[in-house]
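Chain by chain, the residues:
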Amino acid sequence: MSAHVLVVDDDRDMLRLLSMRLGAAGYRVTAVESAEAALTQLAVERPQLVVSDVQLPGKDGLALYDEIRARHPALPVILLTAHGTIPDAVEATSRGVFTYLTKPFDGKELLEKIAQALALAAPEGEAVPAQESWREAIVSRSTRMAELLAEAKLVAASDASILIRGESGTGKELLAQAIHKASVRATRPFVAVNCGAIPEALLESELFGHVKGAFTGAVANHRGLFQAADDGTLFLDEIGDMPLPLQVKLLRVLQERSVRPVGSAQAVPVDVRIISATHRDLDEAMAAGQFREDLYYRLNVVTLTLPTLAERREDIPLLANHFLARLSVKYGKRLNGFAPEALKALATASWPGNVRQLYNVVEQVCALATTPLVPLALVQRALRVPSVEVMSYAEARHRFERDYLVGLLKLTDGNVADAARLAERNRTEFYRLLQKHGLTPGLFRNDGHVAD
């Protein structure tokens, strides 16, 4: 599929010209006339490139770039500028804009710059995200995840150490595996270890290995996980739980690029790419003296933060059906999907356990399902947690207005004049609002205010 380019220009003739030229070159083009419209489009679908005029009504192209950079730091932007705004465009390139072209621009040069920007953002021949084999295990249509995966693909091409942050169950190991598959080390081993699941006494031996006789029970030489991952990737999950003495030894391994097995005087060279992950706040751990600052900066060359499942709700139906298709094979059942009410219950649940919890819920309903369509009752039984209430706009506005009025009356001890003044409304209008919500000011006075 062709690359998707978002074009922004308030000149309709220029917008039409750009759309025709890029369309003829094989690109899929979305054209909008303002920065606000561009930001809305970005929330709907992330393109591979943005081409924007600098002079736009309201928010200009430079302000648009700043917002794109904040939300989508890996998304390349090309600015089109008139001669009067060249200094601004030059400054923008120093802040990260891919390049700028002055109007009237040469069409061939524009296409060359676009090709260069796309080659930098996504290597030639790369398929759209849904078809990329390196991340095929990550099921998502979320724009937030699309941005994260774009950043992951960029950093995968380097050998930089990566720290993946995210709550438990968000898929940190899955992302680490995807980065490994997208790297030049893809054909070499990917080795994962949970630093919090192995007792401290055994973790050193597991990581660095040991020689025969190093300790009681060491009846043979043992290659550690660093050696097992040589030329490949070592994933250190829950790195925040690693004991301080081992943090010192890990730092030495990263600095010297060699390991010394327990009981050995000989160091063994290793070439390993480190990806670590944690659900802990390492900044707090450093402040508390529980995590070494020098190790933190060795591991945290690039940070990738996985969103919670609640922050990517558009993925819930997709993931639920994906898991159901896999698990129905495992359980030997013919399941066609979820009833609409069941899917809505899944989409509005709070999901403290994130994707892992969703998988477990789908597995439970799959095991218990007796009909081709999973009913609401089974989903509710599996969830065992309250759902997030989804209100209509009118209901949400009504509730906010009532709570706002209650807050004002509590603040002013039921004094309508003071409350109306704070709300910047006249007393007559304020009384109408109180009547609309059935609120009696006298109930909020000190001698008889309403309970919370």
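Residues numbered from 1 in each chain as written. Predicted model: local features only at pLDDT ≥ 70, side-chain atom pairs only at ≥ 80, totals over all residues. Heavy atoms only, no water.

Notes on the overall build of the protein chain
Summing up its helical and strand segments, the protein chain has 19 helices and 14 strands in all. The globule rule puts the C-alpha radius of gyration for 452 residues at 22 Å, and the 28 Å found for the protein chain is more than 25% above it. In terms of overall dimensions, the protein chain has a C-alpha envelope of 90 × 70 × 55 Å along the principal axes. Of all 452 residues assigned to the protein chain, the portion counted as buried reaches 45%. Pairs at least 24 residues apart make up 71% of the contacts formed inside the protein chain by residues separated by at least 6 positions. Looking at the protein chain as shown, the accessible area adds up to about 23,000 Å², and 52% of this sits on carbon and sulfur atoms. For the protein chain, the centre of its 51 positive side-chain charges and the centre of its 55 negative side-chain charges are spaced 5 Å apart. (Helix = DSSP H or I, 4+ residues; strand = E, 2+ residues; numbered from the N terminus. Rg over C-alpha atoms; globule rule 2.2 N^0.38 Å. Buried < 20%, exposed > 50% of the residue type's maximum accessible area, 1.4 Å probe, protein only. Contact = heavy atoms within 4.5 Å. Areas by Shrake-Rupley, 256 points an atom, 1.4 Å probe, with all protein chains shown as cover. Lys, Arg positive; Asp, Glu negative; His and termini not counted. Charge placed at Lys NZ, Arg CZ, Asp CG, Glu CD.)

Re the nonpolar core
The tendency in soluble globular proteins is for nonpolar side chains to be buried as a group. Counting 30 residues, the largest nonpolar core has F226, L234, L236, I239 and F291 as the members making the most contacts within it. The set of elements that each furnish at least two residues to this core consists of β7 (190-194), α8 (200-208), α9 (225-228), β8 (233-237), α10 (244-256), α11 (282-287) and α12 (293-299). For this core, the leading source of residues is α10, giving 5 residues. Ranked by size, the runner-up nonpolar core spans 28 residues in total, among them F338, A339, V374 and V379. (Core = buried A, V, L, I, M, F, W, Y, C linked by side-chain atoms within 4.5 Å.)

Some words on the sheet that holds strand β12 (residues 302-305)
Pairing in this open sheet of 5 strands is parallel, and the strands run β7-β8-β11-β6-β12 from one edge to the other. The open sheet terminates on both sides in strands that have one partner only, identified here as β7 and β12. When strand polarity is set aside, the average angle formed by the axes of neighbouring strands in this sheet is 20°. In this sheet, β8 lies alongside β7 in parallel orientation, the contact comprising 5 bridges. Residue V191 lies in a different strand from β8, and its bridge partner there is L234. (Pairing = 2+ DSSP bridges. Axes fitted to C-alpha atoms, helices over the stretch in contact; angles between N-to-C directions.)

Here we look at the packing of aromatic side chains
In this structure the tally under the stated criterion is 5 aromatic pairs. Ring geometry for F190 versus F235: centroids 6.2 Å apart, planes at 20°, classification stacked. Linking F190 in strand β7 with F235 in strand β8, this pair joins segments that are 45 residues apart in sequence. Overall, the relative accessible area of 22% leaves F190 in the partly exposed class. Judged by centre distance (5.1 Å) and plane angle (80°), the rings of Y296 and Y297 are edge-to-face. By relative accessible area, which is 7% here, Y296 ends up buried. (Phe/Tyr/Trp six-rings, centres within 6.5 Å; stacked < 30°, edge-to-face > 60°.)

Points about the confidence of the model for the protein chain
Put simply, the protein chain has an average pLDDT of 87, and 91% of its residues get 70 or more. Low pLDDT, under 50, characterises residues 122-131; the stretch is placed with 7 contacts to residues that sit more than four places away or in other chains. Contacts from residues 448-452, a stretch scored under 50 in pLDDT, to residues over four places away or in other chains number 8 contacts. (pLDDT = per-residue confidence, 0-100.)

Considering the sheet that holds strand β4 (residues 77-81)
The strand order across the open sheet built from 5 strands is β2-β1-β3-β4-β5, with neighbouring strands paired in parallel fashion. Each of the sheet's edge strands pairs with one partner strand only, and the pair in question is β2 (28-32) and β5 (99-102). When the angles between neighbouring strand axes are averaged without regard to direction, this sheet yields 20°. Of the strands in this sheet, β1 (4-8) and β2 touch helix α2 (residues 35-44), which is tilted by about 160° from β1.

Focus on the pattern of salt bridges
In this structure the tally under the stated criterion is 21 salt bridges. Here R280 makes a salt bridge to D241, at a shortest N to O gap of 3.9 Å. Residue R280 is located in the loop between β11 (273-278) and α11, and its partner D241 is located in the loop between β8 and α10; the two are separated by 39 residues in the primary sequence. For D241, a relative accessible area of 34% corresponds to the partly exposed category. Three or more residues joined by partner-sharing salt bridges are found here, namely D159, R185, R257 and D271. (Salt bridge = Lys/Arg side-chain N within 4 Å of Asp/Glu carboxyl O.)

Here we look at the side chain of R135
Following the sequence through the fold, R135 ends up in the loop between α5 (107-121) and α6 (143-156). Using a relative accessible area of 6% as the deciding quantity, one classes R135 as buried. Among the polar contacts listed, one links the side chain of R135 to the backbone oxygen of I138, at a separation of 2.5 Å. (Polar contact = N/O pair within 3.5 Å; in protein donor to acceptor, adjacent residues only side chain to side chain.)

A word on the pairing of β4
Of all 5 residues in β4, 5 are buried; the element is thus mostly enclosed. Side-chain alternation along β4 places V77, L79 and T81 on one buried face and I78 and L80 on a second face that is also buried. Judged from the 4 bridges that link them, strand β3 (residues 49-53) and β4 form a sheet pairing that is parallel. Note that in β4 the partner of S52 across the bridge is L79. When β4 meets β5, the two strands line up parallel, connected through 4 bridges.

Some points on α6
Its 14 residues give α6 an end-to-end C-alpha distance of 20 Å, which sits within 8% of 20 Å, the value for a rise of 1.5 Å per residue. When you tally the buried positions in α6, you get 10 out of 14 residues, the bulk of the element. If you follow the buried residues of α6, they end up packed against α2, α3 (61-71), β6 (162-165), α7 (172-182), β11 and β12. Its side-chain oxygen 3.1 Å from the backbone nitrogen of R144, S142 forms the N-cap of α6. (Expected span 1.5 Å × (residues − 1).)

Topic: helix α1 (residues 12-24)
Taking 1.5 Å per residue, 13 residues should reach 18 Å; α1 reaches 18 Å between its end C-alpha atoms and fits that length. For α1, every residue scored as buried is listed here: M14, L15, L18 and L22. Buried residues of α1, viewed axially, fall in a sector of 100°; they line one side. Seen from the open side of α1, the exposed residues pointing more than 90 degrees away from its buried face are R12, D13, M20 and A24. You can read the cap of α1 off the contacts: a side-chain oxygen lies 3.0 Å from the backbone nitrogen of D13, and it is on D11. Of the residues flanking the end of α1, it is G26, one or two places downstream, whose phi is positive at about 100°. (Arc of directions from axis to C-beta.)

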